[in-house]
Amino acid sequence: QVQLVESGGGLVQSGGSLRLSCAASGFTLDSYTIGWFRQAPGKEREGVSCINSRDGTIYYQSSVRGRFTISRDNAANTVYLQMNSLKPEDTAVYYCSTDVLCGNYYIAAATNSWGQGTQVTVSS
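Residues numbered from 1 in each chain as written. Predicted model: local features only at pLDDT ≥ 70, side-chain atom pairs only at ≥ 80, totals over all residues. Heavy atoms only, no water.

As for the overall build of the protein chain
Each helix and strand in the protein chain was counted, giving zero helices and twelve strands. What you see in the protein chain, going N to C, is helices and strands ordered as β-β-β-β-β-β-β-β-β-β-β-β. A compact globule built from 124 residues should have a C-alpha radius of gyration of about 14 Å, and the protein chain, at 13 Å, falls within 12% of that. Overall, the C-alpha framework of the protein chain stretches about 40 × 30 × 25 Å when taken along its three principal axes. Residues classed as buried in the protein chain amount to 44% of the 124 residues present. Across the protein chain, the fraction of contacts at a sequence separation of at least 24, relative to all contacts at a separation of at least 6, is 58%. In the structure as shown, the protein chain presents an accessible area of about 6500 Å², 44% of it carried by carbon and sulfur atoms. Within the protein chain, one finds 9 positive and 9 negative side-chain charges whose respective centroids are separated by 5 Å. (Helix = DSSP H or I, 4+ residues; strand = E, 2+ residues; numbered from the N terminus. Rg over C-alpha atoms; globule rule 2.2 N^0.38 Å. Buried < 20%, exposed > 50% of the residue type's maximum accessible area, 1.4 Å probe, protein only. Contact = heavy atoms within 4.5 Å. Areas by Shrake-Rupley, 256 points an atom, 1.4 Å probe, with all protein chains shown as cover. Lys, Arg positive; Asp, Glu negative; His and termini not counted. Charge placed at Lys NZ, Arg CZ, Asp CG, Glu CD.)

What to know about the pairing of strand 8 (residues 78–83)
With five of six residues buried, strand 8 is to be regarded as a mostly interior element. Pairing geometry for strand 3 (residues 18–25) and strand 8, over six bridges, is antiparallel. Looking at strand 8, one finds that leucine 20 is bridged to leucine 81. (Pairing = 2+ DSSP bridges.)

Let's talk about the state of the cysteines
Scanning all chains against the criterion turns up two disulfides. Here cysteine 22 engages in a disulfide with cysteine 96; their sulfurs sit 2.1 Å apart. Across the S-S bond linking cysteine 22 and cysteine 96, the dihedral sits near 80°, which makes this disulfide right-handed. Placement of the pair is cysteine 22 in strand 3 and cysteine 96 in strand 9 (residues 92–97), with a sequence separation of 74 residues. A residue is classified by how much of its surface remains accessible, and cysteine 22, at 0% relative accessible area, is buried. In this structure cysteine 96 comes out as buried when scored by relative accessible area, which is 6%. Across the disulfide, cysteine 50 is cross-linked to cysteine 102 (sulfur-sulfur distance 2.0 Å). The chirality of the disulfide connecting cysteine 50 with cysteine 102 is right-handed, given an S-S dihedral of about 85°. (Disulfide = S-S within 2.5 Å.)

Some details on the sheet that holds strand 3
A sheet is described by the order of its strands in space; here four strands give the open sequence 1-3-8-7, paired in antiparallel fashion. Every other strand in the sheet has two partners, leaving strand 1 (3–7) and strand 7 (68–73) as the edge strands with one partner each. On average, adjacent strands in this sheet sit at an angle of 15° to one another, irrespective of strand direction. (Axes fitted to C-alpha atoms, helices over the stretch in contact; angles between N-to-C directions.)

Spatial relationships are all this shows, so hold off on functional conclusions.
Set out below in structure tokens:
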């Protein structure tokens, strides 16, 4: 079994916080670059953040920089996305993926296969 499962979403008010988890089963995450993506209703999927397996560098989409933190817990085989100061425009289904191009100017998905994701809803 090789799978990636997102969890931790929910409904919060503006300014609130959530921590999303991306848990791996069937493989070890520490050797993979991991990206977080989101898709809001009527919008295209966009990259949110990624953590690079090559050198550990981290990148954020400009709209979340300073509010979100991506981290890796190798012992738990999990990547997290701590989301603080949430805004209504953060409302989306959030996905994680190992199939990501992760760089300073791009957080791009290299797959068309996605899991169920986890819903984040931020109320005004």
